[in-house]
Amino acid sequence: MTHLPSAVYRVNGTGTFTPCSPAERAFASELVAYWLSFVRAGDPNTHKLGMSPMWEHYTSHSKACMVLIQDPRNSTTNSGSYMEEEFTAEGVRRAIIISKVLYTED
């Protein structure tokens with residue numbers, strides 16, 4: 001059994017599972033499409049949903065980050081996700097993590 005069937009349910013803070021709203025299901029579908037696209041093709045844009053924005057490449061010159069968010073108007077046909085420039089504190093944190101990874105790979 002996969003986890004996808006359980007994606008249509010959520011815990012509402014009471015320990016009780018309740019069905020997701022149509023907007024929550026649309027957002028979950030967007031996340032799954034990005035993830036599976038990345039796993040299958042190495043590029044989150046290859047199999048993304050038509051409503052989803054292009055996930056720009058993160059480079060040293062363009063520090064674009066995807067903000068994954070459900071559409072604030074609860075639309076099932078529009079994405080709330082968007083690209084933004086990485087803010088400085090996040091860049092410092094990411095550089096520390098990358099340096100640790102590079103250090104352990106040597």
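Residues numbered from 1 in each chain as written. Predicted model: local features only at pLDDT ≥ 70, side-chain atom pairs only at ≥ 80, totals over all residues. Heavy atoms only, no water.

Chemist: Just checking my understanding: could you explain the overall build of the chain for this structure?
Modeler: Along the chain, the regular secondary structure elements total 2 helices and 4 strands. Going from N to C terminus, the chain has its helices and strands arranged as β-β-α-β-β-α. Looking at the chain as a whole, 24% of its 106 residues qualify as buried. Within the chain, counting contacts between residues at least 6 apart in sequence, those at least 24 apart form 29% of the total. As presented, the chain carries roughly 7,700 Å² of accessible surface, and 62% of it is formed by carbon and sulfur atoms. (Helix = DSSP H or I, 4+ residues; strand = E, 2+ residues; numbered from the N terminus. Buried < 20%, exposed > 50% of the residue type's maximum accessible area, 1.4 Å probe, protein only. Contact = heavy atoms within 4.5 Å. Areas by Shrake-Rupley, 256 points an atom, 1.4 Å probe, with all protein chains shown as cover.)

Chemist: Sorry if this is basic, but what is going on with empty space enclosed by the protein here?
Modeler: Empty space left among the atoms is revealed by rolling a probe the size of a water molecule over them. Under the criterion given, the structure shown has 1 cavity of 30 Å³ or more. Taken as a whole, the largest cavity encloses approximately 40 Å³ of empty space. Residue composition of the lining of the largest cavity, grouped by class: 5 nonpolar, 5 polar and 2 charged. (1 Å grid on protein atoms, 1.4 Å probe; cavity = no way out; pocket = protein on both sides within 12 Å on 5 of 7 lines; lining within 4 Å. Points joined across faces, edges and corners; volume = space filled by probe spheres on them. Nonpolar A, V, L, I, M, F, W, Y, C, P; charged D, E, K, R; others polar.)

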